[in-house]
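Read off the chains here:
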Amino acid sequence: MSRIGNAIITIPAGVTIDTSNNVLTVKGPKGTLTQSYDPIITPVVEANVIKFTRANDLGPTKAKHGLYRALCANMVKGVTEGFKKTLIVNGVGWKVAKQGKKVVLNVGFSHPVEVEEIDGIVLDCPSATEITVNGIDKEKVGQFAAMVRGIREPEPYHGYGIRYSDEVIERKVGKAAGSKG
């Protein structure tokens, strides 16, 4: 049995869930998210909980059972609390600044790099070396944070680059000054 798929999701106050036409719609105080689902999985909404049942015990069906339950749990969390990723900029003279709806990054290139907010994503710069990516869709937040990190990925010798706040960069030893022959 799928342990994740069998877990129930408690629906907080102010959140409504609609399951018509094989589309799961979650509405909450921060917005609305939708996700289509396979009809082999059936979401059942009772009072203030939602649980998922499956039609059979085949392998792919079990996998979808856990998948749709996890997606729904993330949707409920997104419309109530939201998701946040923090990026750290590390480099000599490197800095970031927010200008309107875009963030300007000075990260060692000959020109500043501008990153604009997309629909559903809010960027913020709490300090000159931090960027926060906020939104209600976990997938969008993660993808956008990865795109910003990809502008200047961290290198292993000095640790320069853009990294996640909880990411650990494994450092390498640089070239040693040794004696010649």
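Residues numbered from 1 in each chain as written. Predicted model: local features only at pLDDT ≥ 70, side-chain atom pairs only at ≥ 80, totals over all residues. Heavy atoms only, no water.

**Q** Give a description of unusual backbone geometry that names residues and reports values.
**A** Phi at N22 is positive, roughly 55°, even though this residue is not glycine. Position of N22 among the secondary structure elements: in the loop between strand 2 (16–18) and strand 3 (23–28). According to the relative accessible area criterion, N22 is partly exposed, its value standing at 32%. Despite not being glycine, A47 shows a phi value in the positive range, around 50°. Looking at the secondary structure, you find A47 in the loop between strand 5 (41–46) and strand 6 (49–54). Judged by its relative accessible area of 82%, A47 is exposed. (Helix = DSSP H or I, 4+ residues; strand = E, 2+ residues; numbered from the N terminus. Buried < 20%, exposed > 50% of the residue type's maximum accessible area, 1.4 Å probe, protein only.)

**Q** Break down the pattern of salt bridges for me, citing the residues and quoting the values.
**A** Throughout the structure, instances matching the rule amount to six salt bridges. Residue K64 is joined to D38 by a salt bridge in which the shortest nitrogen-to-oxygen separation is 2.6 Å. Here K64, found in helix 2 (residues 59–80), pairs with D38, found in the loop between strand 4 (31–36) and strand 5; they are 26 residues apart in sequence, far enough to count as distant. Residue E117 is joined to K98 by a salt bridge in which the shortest nitrogen-to-oxygen separation is 2.8 Å. With E117 in the loop between strand 10 (113–116) and strand 11 (121–124) and K98 in strand 8 (residues 95–99), this pair connects stretches of sequence that are 19 residues apart. Overlapping salt bridges bring together K98, K101 and E117 as one network. (Salt bridge = Lys/Arg side-chain N within 4 Å of Asp/Glu carboxyl O.)

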